[in-house]
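Next come the chains, spelled out residue by residue.
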Amino acid sequence: MRVLALLIFIVSVGFAKPHILVEDPWVREVPPVSTMSAGFMKIINTGKEDDYLIGVESPVSEVAEIHTTIMEDGMMKMRKIEQVKIPAGQTVEFKPMGKHIMLINLKKPLKAGDKVKITLIFKKSGKITVTAPVRSMKMHMHH
Ligand SMILES: [Cu+2]
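Residues numbered from 1 in each chain as written. Predicted model: local features only at pLDDT ≥ 70, side-chain atom pairs only at ≥ 80, totals over all residues. Heavy atoms only, no water.

1. As for the coordination of the copper ion
And then number 1: The protein atoms that coordinate the copper ion are H67 (ND1), M78 (SD), H100 (NE2) and M102 (SD), at distances of 2.1 to 2.4 Å.
And then number 2: Here the copper ion is ringed by 4 donor atoms whose angles at the metal span 89 to 122°, and the overall shape comes out tetrahedral.
And then number 3: Here the donor residues of the copper ion are spaced in sequence according to H-x10-M-x21-H-x1-M. Of the two residues, H67 is situated in strand β4 (residues 61-72) and M102 in strand β8 (residues 100-106); the sequence distance between them amounts to 35 residues. Grouping residues by exposure puts H67 and M102 together as buried. (Donors = N, O, S within 2.8 Å, 3.2 Å for Na, K, Ca; no water. Tetrahedral: all angles 85-135°; square planar, octahedral: opposite > 155°, others 65-115°. Helix = DSSP H or I, 4+ residues; strand = E, 2+ residues; numbered from the N terminus. Buried < 20%, exposed > 50% of the residue type's maximum accessible area, 1.4 Å probe, protein only.)

In structure tokens form, the structure reads like this:
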């Protein structure tokens, strides 16, 4: 009986394993006067069910929101969105000029090389916390 209980436990833990992977998270370096920055990453759903990003948290800012970028009257504008669908077997990329994690009211300036913890909250997979390095937006080409 004890063996059976153990087996059931292992099987249920196996099913609860998240199928969401987060790759290459990073946060944009901002000038010291800026109170906002943005985080980017790739979210990969390796499972067979769709999942949804429904919230974000970070200790570096008072507020964290999911944003998307839209064109309106020829202007780039950001909009807060409540959730982002991460379809089964697909990758959703958060990148500059696209979807991003908005960090609002930074508690201190973010400099290149700093590390920022971002917690992504998924409807089915729960919370996933990643450590995102702060990077400069300027591209440096080395040859
Ligand atoms: Cu934004």
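There's plenty left to go through after this.
2. Remarks on the packing of aromatic side chains
And then number 1: Going through the model one piece at a time under the given rule, you end up with 1 aromatic pair.
And then number 2: Between W26 and F40, the aromatic rings sit 4.7 Å apart at their centres with planes inclined by 40°, giving tilted as the arrangement. On the criterion of sequence distance, the pair formed by W26 in strand β1 (residues 20-28) and F40 in strand β2 (residues 36-45) is long-range, its members being 14 residues apart. Residue W26 shares its accessibility class with F40, and that shared class is buried.
And then number 3: Over the aromatic face of Y52 sits the side chain of K123, whose NZ or CZ is 4.4 Å from the ring centroid. (Phe/Tyr/Trp six-rings, centres within 6.5 Å; stacked < 30°, edge-to-face > 60°. Lys NZ or Arg CZ within 6 Å of the ring centre and 35° of its normal.)

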